[in-house]
Amino acid sequence: MSSESSKKRKPKVIRSDGAPAEGKRNRSDPEQEGKYYSEEAEVDLRDPGRDYELYKYTCQELQRLMAEIQDLKSRGGKDAAVEIEDRRILSCVHFMTLKKLNRLAHIRLKKGRDQTHEAKQKVDAYHLQLQNLLYEVMHLQKEITKCLEFKSKHEEIDLVSVEEFYQEAPPDISKAEITMGDPHQQTLARLDWELEQRKRLAEQYRESLSNKEKILKEIEVKKEYLSSLQPRLNSIMQASLPVQEYLFMPFDQAHKQYETARHLPPPLYVLFVQATAYGQACAHMKSSQPPRQDKTLSVAIEGSVDEAKALFKPHEESQDDESDSDAEEEQTTKRRRPTLGVQLDDKRKEMLKRHPLSVMLDLKCKDDSVLHLTFYYLMNLNIMTVKARVTTATELITPISAGDLLSPDSVLSCLYPGDHGKKTPNPANQYQFDKVGILTLRDYVLDLGHPYLWVQKLGGLHFPKEQPQPTVIADHSLSSSHMETTMKLLKTRVQSRLALHKQFASLEHGIVPVTSDCHYLFPAKVVSRLVKWVTIAHEDYVELHFTKDIVEAGLAGDTNLYYMALVERGTAKLQAAVVLNPGYSSIPPIFQLCLNWKGEKTNSNDDNIRAMESEVNVCYKELCGPRPGHQLLTNQLQRLCVLLDVYLETEIHDDSVEGPKEFPQEKMCLRLFRGPSRMKPFKYNHPQGFFSHR
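Residues numbered from 1 in each chain as written. Predicted model: local features only at pLDDT ≥ 70, side-chain atom pairs only at ≥ 80, totals over all residues. Heavy atoms only, no water.

This is how it is decided: UniProt positions are given in the numbering used here, feature names are shortened, and annotations may be inferred rather than shown by experiment.
For the chain, an unreviewed UniProt entry supplies the name THO complex 5 and the organism Myotis myotis. Its UniProt record gives the chain the following Subcellular location (unreviewed entry) comment, quoted word for word: "Nucleus". According to the UniProt record, the Sequence similarities (unreviewed entry) comment for the chain reads "Belongs to the THOC5 family."

**With respect to the pairing of strand E3 (residues 370-378)**
Short version of the rule: For each residue, the accessible area found with a 1.4 Å probe, counting protein chains only, is set against the maximum for its type, and the residue is called buried under 20%, exposed over 50%, and partly exposed in between. Under the scheme used here, helices are H or I runs from DSSP no shorter than 4 residues and strands are E runs no shorter than 2 residues, and both carry numbers assigned from the N terminus. Strands qualify as paired when DSSP identifies two bridges or more between them.
The buried count for E3 comes to 9 of 9 residues, which makes it a mostly enclosed element. Residues of E3 alternate between two faces, with Val370, His372, Thr374, Tyr376 and Leu378 on one and Leu371, Leu373, Phe375 and Tyr377 on the opposite face, all of them buried. Counting the residues in the hairpin turn of strand E2 (residues 357-364) and E3 gives 5 residues, including Asp368, whose phi is positive at 65°. With 9 bridges connecting them, E3 and strand E4 (residues 383-391) associate as antiparallel partners.

**Points about the packing of helix H20 (residues 607-617) against helix H21 (residues 632-649)**
Note the following rule: Lines are fitted to the C-alpha atoms to define the axes, a helix being fitted only along its stretch in contact, and any angle between axes, read from their N-to-C directions, falls within 0 to 180 degrees. Should an angle lie under 35 degrees it is considered roughly parallel, over 145 roughly antiparallel, and from 65 to 115 roughly perpendicular; all remaining angles are considered oblique. In this scheme the crossing of two helices becomes right-handed for a clockwise turn of the near helix relative to the far one and left-handed for an anticlockwise turn of less than a right angle. In this description, contact between two residues means that some pair of their heavy atoms is separated by no more than 4.5 Å.
Look at H20 against H21: their axes get within 10 Å of each other, and the N-to-C directions meet at 155°. As judged from the angle between their axes, H20 and H21 are roughly antiparallel. Handedness of the H20/H21 crossing: right-handed. From H20, Asn608, Ile609, Met612, Glu615 and Val616 reach across to H21, where they touch Gln636, Arg639, Leu640, Leu643, Leu644 and Tyr647.

**Considering unusual backbone geometry**
In this structure, Ser585 follows Tyr584 across a cis peptide bond, with omega equal to 15°. Among the secondary structure elements, Ser585 is positioned in the loop between strand E7 (572-580) and strand E8 (590-596). Each neighbour pair has its own omega, and for His686 with Pro687 the value is 10°, a cis peptide bond. Relative to the helices and strands, Pro687 resides in the loop between strand E10 (683-685) and strand E11 (690-692). At Lys598, a position not held by glycine, the phi torsion is positive, near 55°. You can see Lys598 is positioned in the loop between E8 and strand E9 (600-601). Backbone geometry places Arg678, a non-glycine residue, at a positive phi of 55°. Turning to its location among the elements, Arg678 is positioned in the loop between H21 and E10.

See the structure below:
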């Protein structure tokens, strides 16, 4: 059966309708070339949709035939083989149909790819043409932009306005009938007019240069004349120096001072100008002659002017100098990097750096003593400081207790209440101190001077605490408003300290100096006497048991001076702790008493001791004496001796004790005691000479 099927399968030649066999295609008959079967041509004629339907139909028929063959084989039978063969032939036909459809599909795919490739090549060619056209457009746009941005040289010339051109230019240049309607011709005409003007100006310039040369020659001649005149003027000034000194008009010295004052920082300059003006005003008030320098106030400038000038050099020059010096040092030796401590010390020194120039004020008092004030300016802190020194006409013997009276650290302390000069008045300085590790300015005042508030005001500086300002500018009006008051306070302070200095010399020897103007304040005979007068420290004063009231009241500050006086009469010893305010004698001293006689008596256990303190502390105005009241302290001590006499003489004598009374009554008293507290008569009545109660 298989052989039969193979024999039948051999003649497998597919011909199209009316087409010759495939073996006869190579014949060269041109009439039959168009009649050959071509699947590529058939693809264009066939509908792909119908081929797809044929494909599905053929597959279904194949499935059906295969199922029938399978069914026939399973059933078997005599006629099954013939039927199977028929169905197999049909199946082969369907397979041939599928192969043809497959070839047609591949041909369609190839044609589609070829068409796609051709279309892609066309797109690429069009894209390349587009890019070429875009490049040409960009090039043309650049050329157009260059043309639009082109500037002619004449556009850089500032031509006169069109209106001015037609007004000033002559008709042969302006040509109004032509240029008014043609901008190009108008521009050419304006350029011609500009050229004419520049030629005329160039001629004027040459004439001006010739005139300049003539004037320079004249100036040189006059300079030579003035240079020859300067030595003559100097000789005249030197010859007039004795006359200036005789008339107290040092014009030459004043001129040099004012030349130096130009290099002062603003606060010191304000101080210099205002102090000089105040001195001249005082001299003019004393004399009807023209203004001259006051003998009691002299102002001078000290320091290096060259260093002050170096501060104002341009920063670039200083940087160049530093770079040159650094380069030389690196070439010669290797520099070690400074440690952190050294860096902080350098920063502190830079922070506390003073200006090279300072202002000296010499204030002369009535007794020929002089207060020398040196004012400095701390550039980085923007504050002023002062150092003080007192000199006298005759050399003073300094008592032990008067050591702090004229010391530079305390002589000007609290010139105004509360102004001790131990801390900076500028609130911004504390932030600067924190950066360099400075806790307080108190540790540096001995070297730098004291930054008193009145010093800042004399320099025109004011630092408001409520609304701090970023920059403080020196104000002349602020300085002038405080100058007179401060000068008077300084004179008063020096005079009071010198008076205390002399009084302490007597007090240390047990002598209470009472002037003839104050004798009427005391009785003729005073038995109690001062045996001891020493200075004590603030800590020792605070530790005394009978000074607690003063300490608790806040009257014992560390800026005050403290002394201990001992008054004796017989077996009675009266200790007096004295608080001397720096503002003495406008602020009276404060006495605290402790009597050692028949026990210890203070103001806490004896009303009469409290009354004695009241007589000295409260009624001090009776003891001031003549103005300015420098005898107040010695008068208080003398009154204390009188009060001790009254206290002891008015004590009741114990009859059980044999012998004479230790303190016989020598003072005349109208009444020995008053009231239940048995108060004694401590008030002295002059000129009657008796004691009474207040």
